[in-house]
Amino acid sequence: MDLAYTEAEQEFRARLRAWLAAVLPSLPAKPAPDDWPGRRAYDTAWQRMLYDAGYAGLHWPVDAGGRGATPTQHLIFLEETEKAGAPYVGANFVGLLHAGPTIVAEGTAEQRARWLPPVLRGEEIWCQGFSEPDAGSDLASLRTRAVRDGDHYVVSGSKIWTSHAEVADWCELLVRTDPGAPRHRGITWLAMAMDTPGVTVRPLRTLAGSTEFAEMFLDEVRVPVSHRVGAENDGWRVTMVTLSFERGTAFVGEVVACRRTLHALAAEARVNGRWDDPVLRRRLGGLNAEFRALWRLTQWNVGEAQAGSGAGRGMRGNANGVPGTGGSVFKLRYSHARQELYETAAEVLGADSADLDREWVLDRLSSLSYTIAAGTSQIQRNIVAERILGLPKGR
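Residues numbered from 1 in each chain as written. Predicted model: local features only at pLDDT ≥ 70, side-chain atom pairs only at ≥ 80, totals over all residues. Heavy atoms only, no water.

A few points about unusual backbone geometry
Even without being a glycine, Trp161 presents a positive backbone phi close to 60°. Relative to the helices and strands, Trp161 is located in the loop between β3 (152-159) and β4 (170-176). Of the residues examined, Trp161 reaches a relative accessible area of 47% and is grouped as partly exposed. Even without being a glycine, Asn233 presents a positive backbone phi close to 70°. Its place among the elements puts Asn233 in the loop between β8 (228-229) and α6 (235-248). Among the residues examined, Asn233 registers a relative accessible area of 23% and is labelled partly exposed. (Helix = DSSP H or I, 4+ residues; strand = E, 2+ residues; numbered from the N terminus. Buried < 20%, exposed > 50% of the residue type's maximum accessible area, 1.4 Å probe, protein only.)

A look at helix α3 (residues 71-83)
Spanning 13 residues, α3 covers 18 Å between terminal C-alpha atoms, matching the ideal 18 Å at 1.5 Å per step. α3 sits mainly inside the fold: 12 of its 13 residues count as buried. Residues Pro71, Thr72, Gln73, His74, Leu75, Ile76, Phe77, Leu78, Glu79, Glu80, Thr81 and Glu82 constitute the buried set of α3. (Expected span 1.5 Å × (residues − 1).)

A word on the pairing of strand β2 (residues 145-149)
Where β2 lies against β3, 5 bridges are found, and the strand directions are antiparallel. Residue pairing in the sheet places Arg148 in a bridge with Tyr153 of β3. (Pairing = 2+ DSSP bridges.)

Re the confidence of the model for the protein
Per-chain confidence: the protein averages 83 in pLDDT, with 79% of residues scoring 70 or above. Within the model, the stretch residues 309-323 combines pLDDT values under 50 with 44 contacts to residues more than four positions away or in other chains. (pLDDT = per-residue confidence, 0-100. Contact = heavy atoms within 4.5 Å.)

Structural notes on the packing of aromatic side chains
The final tally for this structure, using the stated rule, is 8 aromatic pairs. With 5.5 Å between their ring centres and 70° between their planes, Trp115 and Trp170 make a pair best called edge-to-face. Note that Trp115 is positioned in helix α5 (residues 109-120) and Trp170 in strand β4, a separation of 55 residues in sequence. The exposure class assigned to Trp170 is buried, which follows from its relative accessible area of 8%. On the basis of an interplanar angle of 25° and a centroid distance of 6.0 Å, the ring pair of Trp126 and Trp170 is categorised as stacked. Within this pair, whereas Trp126 is found in strand β1 (residues 126-129), its partner Trp170 is found in strand β4, the two being separated by 44 residues in sequence. We classify Trp126 as buried; its relative accessible area is 1%. Among the aromatic residues, those joined into a ring-pair cluster are Phe12, Trp19, Trp46, Tyr55 and Phe77. In this structure, Arg270 is placed above the aromatic ring of Trp275, and the distance from its NZ or CZ to the ring centre is 4.0 Å. (Phe/Tyr/Trp six-rings, centres within 6.5 Å; stacked < 30°, edge-to-face > 60°. Lys NZ or Arg CZ within 6 Å of the ring centre and 35° of its normal.)

Observations concerning the nonpolar core
Judged by nonpolar contacts, the single largest core of 71 residues is most densely connected at Trp46, Trp126, Trp189 and Phe291. Sorting elements by how many residues they give to this core places helix α9 (residues 326-349) first, with 8 residues. With 23 residues, the next largest nonpolar core counts Ala91, Met192, Met194 and Val221 among its residues. (Core = buried A, V, L, I, M, F, W, Y, C linked by side-chain atoms within 4.5 Å.)

Comments concerning the environment of Glu212
Turning to its location among the elements, Glu212 is positioned in the loop between β6 (199-204) and β7 (213-224). Overall, the relative accessible area of 29% leaves Glu212 in the partly exposed class. Sequence separation between Glu212 and Pro33 is 179 residues; the distance between their C-alpha atoms is 9.4 Å. Not counting chain neighbours up to four residues away, the residues in contact with Glu212 comprise Trp36, Thr162, Ser163 and His164.

A short note on the pattern of salt bridges
With the rule as written, the count across this model stands at 19 salt bridges. Linking Asp63 and Arg112 is a salt bridge whose minimum nitrogen-to-oxygen distance equals 3.3 Å. You can see Asp63 sitting in the loop between α2 (36-53) and α3 and its partner Arg112 sitting in helix α5, a full 49 residues away along the chain. With relative accessibility at 61%, the residue Asp63 sits in the exposed group. Between Glu123 and Arg121 there is a salt bridge whose closest N-O contact spans 2.8 Å. (Salt bridge = Lys/Arg side-chain N within 4 Å of Asp/Glu carboxyl O.)

Below is the structure:
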């Protein structure tokens with residue numbers, strides 16, 4: 001990837017900065033963290049503003065409703081919106097960064113036309129129904145059943161850690177359609193309307209006090225066969241597309257946020273006298289180098305996904321812009337770097353690190369989940385070892 005910016009890219013950055021400077025002061029105050037209807041309204045209103053300004057789905061293909069922007073323009077967008085303090089995707093996360101890109105890559109023309117425009121316009125929210133009480137890291141052991149009945153699947157089972165289920169309109173749902181097949185070959189990817197009879201959602205409260213996850217119970221829920229993305233029993237391959245986006249590109253905006261937090265921590269340390277500690281300064285310097293490297297890796301991964309080619313073993317993307325397994329390298333290191341960042345924040349804050357009203361304290365609690373969410377670090381190490389380095393599978 002060419003890391004030098006062209007004149008056109010510099011002009012794109014300037015236009016974006018000007019637009020952000022004009023619209024951000026007009027935004028209302030952010031709703032309370034536990035006000036999910038308010039958060040949905042806030043997040044979808046921002047998404048609509050992006051859509052009206054031509055920034056929604058910036059890097060999506062034009063025939064999928066996007067602008068077909070280059071990887072560099074996409075990264076400029078992420079960098080500038082984060083630096084300006086613009087709202088993050090929030091409740092739009094699954095639709096914009098998981099389900100939407102999966103449908104772009106794997107959906108039919110009819111499915112693209114039905115589901116992608118409402119996501120881009122901020123009209124519909126998606127949640128993720130993958131994990132189950134006994135199928136987390138070992139996702140292929142999922143038990144939620146889907147039995148074919150004419151033009152519908154009848155789905156029964158339960159899901160857990162269902163992101164944004166409280167306010168979602170649709171769910172990207174993994175089900176077992178052939179219980180007699182090998183574990184990875186009897187799974188199907190469905191799009192399920194959340195208002196379908198038989199769907200029950202129970203919010204879960206996290207360590208940080210949020211309820212962005214939920215349990216979901218499915219009691220003979222009827223899902224049209226036309227809502228299947230990919231072929232029946234080919235859901236594991238489709239799921240790997242979804243997880244490639246989740247691990248490869250969904251966190252890129254957060255790298256910029258971490259870099260901003262790091263600079264704020266350095267400023268705080270100078271104010272409260274902790275800057276005089278050479279060990280702390282060394283940690284801050286090391287983290288600065290870490291996140292600069294992660295940003296370069298982000299640029300490489302996004303560029304490879306768009307180009308559909310890779311230089312390393314097993315790290316190749318494809319022509320639909322699906323990230324390769326290089327996303328696992330990023331996810332693995334980013335998860336630990338984020339935890340190290342907020343451990344350093346606790347050191348900078350000192351006694352205040354136990355005060356939930358202080359900046360960075362809730363982020364520190366949230367960071368603990370990153371080595372589990374979107375595939376545990378153990379799973380990522382296996383992917384790196386087997387698919388990139390070509391090592392034999394462990395026994």
